[in-house]
Amino acid sequence: MISTSIDRGGIDLAAHLHVPDGFDGAAALPALVLATPGSSVKEQIGANYARRLADRGWVAVTFDPAFQGESGGEPRDLEDPAERVADLRWVVDHLVRRPGIDPQRLGMLGICAGGGYAVRAAMTDHRLRALGVVVPSDIGGAFRAAAAATPEGVAGTLDALAKLTLADVTGADARRPWLPDTPEDARAAGVTDVDLLQAVEYYRTPRGHHPRSTNRRHVRSDPAILGFDAFHLADVLLTQPVQVVVGGEVGTTGSRADGERLARLAPAAEEVLVVEGARHYEMYDVPAYVDQAVDHLAAFFAAHLP
């Protein structure tokens, strides 16, 4: 693994290049950019996939999004879909100029919300020749559905967020948790949903926790997320080959439905791979499920980035 910094127009992105054994930059290898889930850092889910892809001969890049982890940018813990998509384009800019990378053989792999971000990036950046997504989520659609289920509705939620930003809240007041901070907090709050409990188990226990994954989201994130549509124009612009991987257990995250919708929209989508028995968050790190996804994705990328 090679640690590096990627210039993002004045913001430095902290990145890891996962490389095959013996990589010395002399031969130009194909490369994959990984778009990771919201709230995660480069050492978590992306690394689980990138390490396996490097073992299969790919250069696979994980990085902390701007405003998060070890990357620069203010305000901290901002999750703005437009910024997340811009990150991906800057990483591609870096790769096409980097020795040891074949700029004609670039692909992208997005996981969870990163799947939606990857779709948006690939639509208009056809330097990316193939796209894979694992349990993809249209994060904007998920947030709109959650807001619509509240008494305030989507418009009332945006009104409340406007009051917060007008008040210019700072520090801890400007950040809200993605998840309960501990399994005990989740139980105390009466959480019974299996997928939410598995998310807490992954992110907030030693199973997948990383100290730079803060479990906090700046309040300026939510209006941007609510206005984001990951798949808009995919039927027109996403002409590259696309491989969708979803878990066999439907659950409540929406990723099964989002993945199947993307496969219907993308003109060159291949048959969806359903990993039987897997729930959304089990696709993050359960070896049997991740290995099945990576084996299939490696063959897909090899076929389309020869």
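Note that this is a predicted model, so its numbers are computed, not measured.

The rules we used
Every residue gets a number counted from 1 within its own chain, in the order that chain's sequence is written. Given that the model is predicted, a residue must reach a pLDDT of at least 70 before its local features are reported, and side-chain atom pairs must reach 80 or more before they are shown or counted; all residues, however, enter totals for whole chains, interfaces and linings. To get the side-chain values, all heavy atoms of the structure are used, and hydrogens and water are removed first. When two rings of Phe, Tyr or Trp (its six-membered ring) have centres within 6.5 Å they constitute a pair, described as stacked for plane angles under 30 degrees, edge-to-face for angles over 60, and tilted for the intermediate range. Numbering goes from the N terminus for both helices and strands, where a helix is a DSSP run of H or I of at least four residues and a strand is a run of E of at least two. Working definition: with a 1.4 Å probe on protein chains only, accessible area under 20% of the residue-type maximum means buried, over 50% means exposed, and in between means partly exposed. A side-chain nitrogen of Lys or Arg and a carboxyl oxygen of Asp or Glu constitute a salt bridge if their distance falls within 4 Å.

Peer 1: Please clarify how the packing of aromatic side chains should be interpreted in this entry.
Peer 2: The description of an aromatic ring pair uses the distance of the two centres, along with the angle that the planes make with each other. Counted according to the given criterion, the structure contains seven aromatic pairs. Note on Tyr117 and Phe228: the rings are 5.8 Å apart at their centroids and 55° apart in plane angle, and the pair reads as tilted. Of this pair, Tyr117 sits in helix H3 (residues 113-124) while Phe228 sits in the loop between helix H8 (221-226) and helix H9 (234-237), and the two are 111 residues apart along the sequence. With a relative accessible area of 0%, Tyr117 lands in the buried category.

Peer 1: Could you clarify how one ought to interpret the pattern of salt bridges in this entry?
Peer 2: Side chains that differ in charge, positive against negative, can pair when their charged atoms come close. Using the criterion set out here, one finds 25 salt bridges in the structure. Here Glu260 and Arg256 are joined by a salt bridge, their closest N and O atoms 2.8 Å apart. In this pair, Glu260 and Arg256 are both assigned in helix H10 (residues 255-265), four residues apart and thus about one turn of the helix distant. The partly exposed category is assigned to Glu260, whose relative accessible area is 30%. The salt bridge involving Asp258 is made with Arg261; its shortest N-O contact spans 3.7 Å. With Asp258 and Arg261 both in helix H10 and three residues apart, the pair spans about one turn of that helix. By relative accessible area, Asp258 is classed as buried at 13%. Ionic contacts of the salt-bridge type, sharing partners, join the residues Lys42, Glu43, Asp64, Glu70 and Arg212 into one network.

Such coordinate-based values are descriptive only and should not be taken to indicate function.
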